[in-house]
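Chain by chain, the residues run as shown.
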Amino acid sequence: MSSDNAAQEAGRDVPGDGEPVWDVVVVGAGPAGASAAYAAASTGRKVLLLEKAELPRYKTCGGGIIGPSRDALPPGFELPLRDRVHAVTFSLNGKLTRTRRSKRMLFGLINRPEFDAGLVEVAKKAGAEVRTGVTVSRVEQHGSAVPDRRTVAIVLGDGQTLLARAVVGADGSAGRIGAHVGVKLDQVDLGLEAEIPVPATVAEDWAGRVHLDWGPIPGSYGWVFPKGDTLTVGVISARGEGAGTKRYLEDFIARLGLAGFEPSISSGHLTRCRSDDSPLSRGRVLVCGDAAGLLEPWTREGISFALRSGRLAGEWAVRIAEAQDAVDARRQALNYAFAIKAGLGVEMGVGRRMLTLFERRPGLIHAAVTGFRPAWHTFARVTRGTTTLAEIVRTHPVARRVLSAMDKP
C-alpha cells in the first residue's frame, strides 16, 4: 500500500506536500478537550489532542464531581474518588454554623491531575493521538497555510503547521482558540486555593464532609473539600476584590483552625462566564468548556459544563469535518450552538439570577438551606444530578416568584 493510500485508509487526506489532514484537532486536554477527543475518536475519525503542559499537571480546582459530571463521563470510566460526601457544614461568614447530613452520597471529590489524566487515557483508547508539550500560536482558516476551504491550519509555537477538517478549542478562557472565535465574557471571578496536608486525626474529622461558607464580599463563598490526608481550601469572589479575597482566604483558614499547617500548593485562577451573545464557533472551529466561557455563574462549577460541552463539541466537530462546503459547515456549527444554548445556556441563565439573589441576600440562602427541609432536599437533588436549578425554577412557582423579584432593580 502506498503512503497516500495508507493515509486515506486511516481516515486522513494527504495534500501535495505530504502533510496529513486530521479529521479533528482538539486544543487543550482538560475535561472539555478530553471529552471532545473521546467523542470524535469514538466515531472512528482520526483525532489529534494537543496539550501545552506535560500530563499529569496541577489545576486549581475544588474537584467536586456532582451528578451532571458523573452522568457525562465516558462509559466505564472509573472515577478516582478521594472522598464521598454525605454531609455539608454551612456557615455565614463564619457564623450560624450548621451541618446537614444525607444517607445517600451527595457528590464525590477528586484530584484534578488524576482525573484529567484518566480522561485523556480514555480518549487515547478510543483512538485519539495525544501530544503534550505543544503550544498553539494561532489558527488560520484563510491564507497560504490553508490548502482549501475545507481545511483549518493550526500553527504551533515551533513553527510547525497542522491541518484539520475541524478544530475544537478547549484551551481555557485565556486561550488562543477562544480569541480566534471571538468569545465574549461578562463575568470574571478570582479563585484562590490552598492544598493543605493535615495529620490523620484532622483528616478523620473531615472525612465525608465538606464546608461551604457564604463570604463577606457580595457573591463570594469559601469551601473545604477533604481528599484523604489533604484538605482543599479555597474562596472565590468577583475580580477587582483581590486584597479582600486574599484576606477572606486567610481568615477562613484561621477560623477553621488550619493556620498552623503549611500548604503544599497555593494557587489562584480566574473563572470567566460567557455573555449571552458570545459566539461558540467561527468557520470550522468550535469552542467548549472554559474556552467558551461555559460554567455555572453562581457556584462557578465548571467540570460538568466542560464534560457536557466537550462531548457535544466532539460530536459536532465530526459533522463539520464531513461538511463539503462552508454552508454545510455553518449549519452544523449553528446546530452545536443551539444544543449548547438549549441546555447549558438555560442553566447559566438561572445561575446568573441565583447569583444576584445570593449577592443581595446571602442570609436568605443560608437560612433556607440550613433551616428549611425542602431547600436542603433541593440542594441534595441538584448535587446528585436528579434535577437542575433550571428545572426547579420551571416547575416550582415559589422559586420562580423569588427569582423574578430579584430581577427587579
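Residues numbered from 1 in each chain as written. Predicted model: local features only at pLDDT ≥ 70, side-chain atom pairs only at ≥ 80, totals over all residues. Heavy atoms only, no water.

1. As for the overall build of the protein chain
Logical step 1: If you tally the helices and strands in the protein chain, you get 13 helices and 18 strands.
Logical step 2: Dimensions of the protein chain, computed from C-alpha atoms along their principal axes, come out at roughly 70 × 50 × 40 Å.
Logical step 3: Out of the 409 residues in the protein chain, the part that is buried amounts to 52%.
Logical step 4: In the protein chain, the share of contacts with a sequence separation of at least 24, taken over all contacts with a separation of at least 6, comes to 72%.
Logical step 5: Carbon and sulfur atoms make up 52% of the accessible area of the protein chain, which amounts to about 17,800 Å² in all.
Logical step 6: When the 53 positive and 44 negative side-chain charges of the protein chain are each reduced to one mean point, those points stand 8 Å apart. (Helix = DSSP H or I, 4+ residues; strand = E, 2+ residues; numbered from the N terminus. Buried < 20%, exposed > 50% of the residue type's maximum accessible area, 1.4 Å probe, protein only. Contact = heavy atoms within 4.5 Å. Areas by Shrake-Rupley, 256 points an atom, 1.4 Å probe, with all protein chains shown as cover. Lys, Arg positive; Asp, Glu negative; His and termini not counted. Charge placed at Lys NZ, Arg CZ, Asp CG, Glu CD.)

2. With respect to the environment of Ser220
Logical step 1: Its location among the elements puts Ser220 in the loop between strand E13 (209-214) and strand E14 (221-227).
Logical step 2: On the basis of relative accessibility, which here comes to 1%, the residue Ser220 falls in the buried class.
Logical step 3: Considered as a pair, Ser220 and Val167 are 53 residues apart in the sequence and their alpha carbons are 35 Å apart.
Logical step 4: Filtering out sequence-adjacent residues up to four positions away, Ser220 remains in contact with Trp214, Gly215, Ile236, Ser237, Tyr248 and Phe358.

3. Digging into the packing of helix H2 (residues 31-41) against helix H8 (residues 303-322)
Logical step 1: Between H2 and H8, whose axes approach to 7 Å, the crossing angle comes to 35 degrees. Viewed along their axes, H2 and H8 form a crossing whose handedness is right-handed. Mapping the contact onto sequence places Pro31, Ala32, Ser35, Ala36, Ala39 and Ala40 in H2 and Ala306, Leu307, Gly310, Arg311, Gly314, Glu315 and Val318 in H8.
Logical step 2: Tallied by class, residues from the contact of H2 with H8 come to 8 nonpolar, 3 polar and 2 charged. (Axes fitted to C-alpha atoms, helices over the stretch in contact; angles between N-to-C directions. Left-handed = near helix turned anticlockwise from the far one by under 90°. Nonpolar A, V, L, I, M, F, W, Y, C, P; charged D, E, K, R; others polar.)

4. Regarding the pattern of salt bridges
Logical step 1: For the coordinates displayed, the defined rule picks out 17 salt bridges.
Logical step 2: Ionic pairing is found between Arg352 and Asp276, a salt bridge with its closest N-O pair at 3.2 Å. Of this pair, Arg352 sits in helix H9 (residues 326-360) while Asp276 sits in the loop between strand E16 (265-274) and strand E17 (281-282), and the two are 76 residues apart along the sequence.
Logical step 3: Residues participating in the shared-partner salt-bridge network are Arg57, Arg112 and Asp116. (Salt bridge = Lys/Arg side-chain N within 4 Å of Asp/Glu carboxyl O.)

5. So, the pairing of strand E6 (residues 95-101)
Logical step 1: Where strand E5 (residues 87-92) and E6 come together, 5 bridges link them in antiparallel fashion. Its bridge partner lying in E6, Val88 is registered against Arg100.
Logical step 2: Here E5 folds back onto E6 in antiparallel fashion, the turn holding 2 residues, of which Asn93 has a positive phi close to 50 degrees. (Pairing = 2+ DSSP bridges.)

6. Focus on the sheet that holds strand E7 (residues 107-110)
Logical step 1: Ordered by their spatial adjacency, 3 strands build an open sheet running E3-E7-E4, and the pairing between neighbours is antiparallel. In this open sheet, the two strands that pair with only one neighbour each are strand E3 (64-65) and strand E4 (81-85).
Logical step 2: When E3 meets E7, the two strands line up antiparallel, connected through 2 bridges. Following the sheet pairing, Ile65 is matched in E7 by Gly108.

7. As for the side chain of Arg209
Logical step 1: Note on placement: Arg209 falls in strand E13.
Logical step 2: Within the buried set, Arg209 has no salt-bridge partner at all; the shortest N-O distance to an opposite charge, 6.7 Å, is to Asp205.
Logical step 3: Side-chain polar atoms of Arg209 contact the backbone oxygen of Asp205, separated by 3.3 Å.
Logical step 4: Look past the residues within four positions of Arg209 in its chain and what remains in contact with it is Ala87, Thr89, Thr99 and Pro226. (Polar contact = N/O pair within 3.5 Å; in protein donor to acceptor, adjacent residues only side chain to side chain.)

8. A look at the confidence of the model for the protein chain
Logical step 1: Confidence along the protein chain averages 93 in pLDDT terms, with 94% of residues attaining 70 or more.
Logical step 2: In the model, residues 1-12 has pLDDT below 50 throughout and makes 14 contacts with residues more than four positions away in sequence or in other chains. (pLDDT = per-residue confidence, 0-100.)

9. Things to note about the layout of surface pockets
Gaps between atoms show up when a probe of the same size as a water molecule is rolled over them.
Logical step 1: There is about 220 Å³ of room inside the second largest pocket.
Logical step 2: Contributing to the lining of the second largest pocket are 13 residues, with Gln141, Arg149, Gly283, Arg284 and Ala326 lying nearest its centre.
Logical step 3: Considering every element that reaches the lining of the second largest pocket, the biggest residue donor is H9, with 3 residues.
Logical step 4: Partitioned by chemical class, the residues of the lining of the second largest pocket number 3 nonpolar, 5 polar and 5 charged. (1 Å grid on protein atoms, 1.4 Å probe; cavity = no way out; pocket = protein on both sides within 12 Å on 5 of 7 lines; lining within 4 Å. Points joined across faces, edges and corners; volume = space filled by probe spheres on them.)

10. Quick word on the sheet that holds strand E12 (residues 185-197)
Logical step 1: On the basis of which strands lie adjacent, the open sheet formed by 7 strands has the order E6-E5-E13-E14-E15-E12-E16 and mixed pairing. Looking at which strands have only one partner, the edges of the open sheet turn out to be E6 and E16. In this sheet, neighbouring strand axes are inclined to one another by 20 degrees on average, regardless of whether the strands run parallel or antiparallel.
Logical step 2: Relative to E14, E13 runs antiparallel, the two sharing 4 bridges.

11. Describing the packing of aromatic side chains
What describes a pair of aromatic rings is the distance from one ring centre to the other and the angle between the planes of the rings.
Logical step 1: For the structure shown, the criterion picks out 11 aromatic pairs.
Logical step 2: Between Phe90 and Trp214, the ring centres sit 6.1 Å apart and the planes meet at 25 degrees, which makes this aromatic pair stacked. One end of the pair, Phe90, is in strand E5; the other, Trp214, is in strand E13, and 124 residues separate them in sequence.
Logical step 3: On the basis of relative accessible area, Phe90 is assigned to the buried category, the value being 0%.
Logical step 4: What makes Trp214 buried here is its relative accessible area of 6%.
Logical step 5: Considering the side-chain rings of Phe90 and Trp376, the 6.1 Å spacing of their centres and the 85 degrees angle between planes classify their relative orientation as edge-to-face. Taken together, the residues span a long stretch of sequence, with Phe90 in strand E5 and Trp376 in helix H11 (residues 373-384) at a distance of 286 residues. (Phe/Tyr/Trp six-rings, centres within 6.5 Å; stacked < 30°, edge-to-face > 60°.)

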